[in-house]
Amino acid sequence: NAGVTQTPKFRILKIGQSMTLQCTQDMNHNYMYWYRQDPGMGLKLIYYSVGAGITDKGEVPNGYNVSRSTTEDFPLRLELAAPSQTSVYFCASSYSKTGGRNEQFFGPGTRLTVL
Amino acid sequence: EDQVTQSPEALRLQEGESSSLNCSYTVSGLRGLFWYRQDPGKGPEFLFTLYSAGEEKEKERLKATLTKKESFLHITAPKPEDSATYLCAVQGPFNTGGFKTIFGAGTRLFVKA
């Protein structure tokens, strides 16, 4: 199993550009998550999904959108990139029948810089 | 307000010098407390889950404990390969249903040979 994979690994965007961060998991997990991690700060939950077709906002959803059309994929869309979105983005997944209490498996991250 | 505070921010140890990392939390309706290890440039890697006060988990040189207000990650006789950032996370319910995960800022551990 590859686990959780993310592409790209690095990206530089200009202010106002848009892009999609890709995330795929091959563990048949029902829960998937997007986090951002800023230097010296904890991970902040952007969006999460409890299954295909179901998504919900996390702590910091503004400026982002997600979709979940399949169990495996959970892309994160940035519209009109801003310098405040410069961060490292992590995708994660977990399996749970009891409301997400199980551990999360993380991808390697995407380092995004907006100039 | 729900929050997670980890201390110290950084910890420097000599090889073999045991110590503890602290994770203090305030969250209504704790569903679980998690410890992760994160190496530079990589995603967090799961270590432990604790669900109720009094629970303990062990793995090699690491032992995690949980009370109603905090968790400790005890490191016994650490080695240089234990150098990493250790993250604590708690899960609790959203007001609107569902759940949320709150991460602490982490403790950076440096172990010198």
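So, here's what we can say about the structure. (Residues numbered from 1 in each chain as written. Chains lettered and ligands numbered in written order. Predicted model: local features only at pLDDT ≥ 70, side-chain atom pairs only at ≥ 80, totals over all residues. Heavy atoms only, no water.)

Considering the overall build of chain A
Item 1. Each helix and strand in chain A was counted, giving zero helices and 11 strands.
Item 2. If you list the helices and strands of chain A from N to C, you get β-β-β-β-β-β-β-β-β-β-β.
Item 3. The globule rule puts the C-alpha radius of gyration for 115 residues at 13 Å, and the 13 Å found for chain A is close to it.
Item 4. Across its three principal directions, the C-alpha atoms of chain A cover 40 × 30 × 25 Å.
Item 5. A total of 115 residues make up chain A; the buried ones form 45% of that total.
Item 6. Of all intrachain contacts in chain A linking residues separated by at least 6 positions in sequence, the fraction that spans at least 24 positions is 56%.
Item 7. For chain A, the computed accessible surface area is about 5500 Å², with 53% contributed by carbon and sulfur atoms.
Item 8. Between the centroid of the 11 positive side chains of chain A and the centroid of its 8 negative side chains there is a distance of 6 Å. (Helix = DSSP H or I, 4+ residues; strand = E, 2+ residues; numbered from the N terminus. Rg over C-alpha atoms; globule rule 2.2 N^0.38 Å. Buried < 20%, exposed > 50% of the residue type's maximum accessible area, 1.4 Å probe, protein only. Contact = heavy atoms within 4.5 Å. Areas by Shrake-Rupley, 256 points an atom, 1.4 Å probe, with all protein chains shown as cover. Lys, Arg positive; Asp, Glu negative; His and termini not counted. Charge placed at Lys NZ, Arg CZ, Asp CG, Glu CD.)

Remarks on the environment of C23(A)
Residues and elements named next belong to chain A.
Item 1. With respect to the helices and strands, the residue C23 is situated in strand β3 (residues 19-25).
Item 2. In this structure, the C-alpha to C-alpha distance between C23 and C91, residues 68 residues apart in sequence, is 6.3 Å.
Item 3. Among residues more than four places away in sequence, those in contact with C23 are V4, T5, M32, W34, E72, D73, F74 and C91.

Here we look at the sheet that holds strand β1 (residues 3-7) of chain B
The pairing of strands in a sheet comes from backbone hydrogen bonds and takes either a parallel or an antiparallel form.
Residues and elements named next belong to chain B.
Item 1. In space, the five strands of this open sheet follow the order β1-β3-β8-β7-β6, with antiparallel pairing throughout. Two strands lie at the open edges of the sheet, namely β1 and β6 (56-59), each paired on one side alone. For this sheet, the mean angle separating the axes of adjacent strands, direction not counted, is 15°.
Item 2. When β6 meets strand β7 (residues 62-66), the two strands line up antiparallel, connected through four bridges. Following the sheet pairing, E58 is matched in β7 by K63. (Pairing = 2+ DSSP bridges. Axes fitted to C-alpha atoms, helices over the stretch in contact; angles between N-to-C directions.)

Some remarks on the interface of chain B and chain A
Interface size is commonly expressed as the accessible surface area that is lost when the partners come together.
Item 1. Facing 20 residues of chain B, the contacting portion of chain A comprises 23 residues.
Item 2. Of the roughly 1700 Å² buried between chain B and chain A on both sides combined, carbon and sulfur atoms contribute 53%.
Item 3. For the interface between chain B and chain A, the tally reads zero salt bridges.
Item 4. Applying the counting rule to chain B against chain A returns three residue pairs in polar contact (both at pLDDT 80 or more). (Buried area = accessible area lost by both parts, 1.4 Å probe. Salt bridge = Lys/Arg side-chain N within 4 Å of Asp/Glu carboxyl O. Polar contact = N/O pair within 3.5 Å; in protein donor to acceptor, adjacent residues only side chain to side chain.)

A word on the packing of aromatic side chains
Item 1. For the coordinates displayed, the defined rule picks out 11 aromatic pairs over all chains.
Item 2. An angle of 40° between the planes, with centres 5.8 Å apart, marks the rings of Y36(B) and F103(B) as tilted. Residue Y36(B) is found in strand β4 (residues 32-38), and its partner F103(B) is found in strand β10 (residues 99-103); the two are separated by 67 residues along the sequence.
Item 3. Ring-pair connections join several aromatic residues into one group, and the members of that group are Y31(A), Y33(A), Y35(A), F90(A), F106(A), F34(B), Y36(B), F46(B) and F103(B). (Phe/Tyr/Trp six-rings, centres within 6.5 Å; stacked < 30°, edge-to-face > 60°.)

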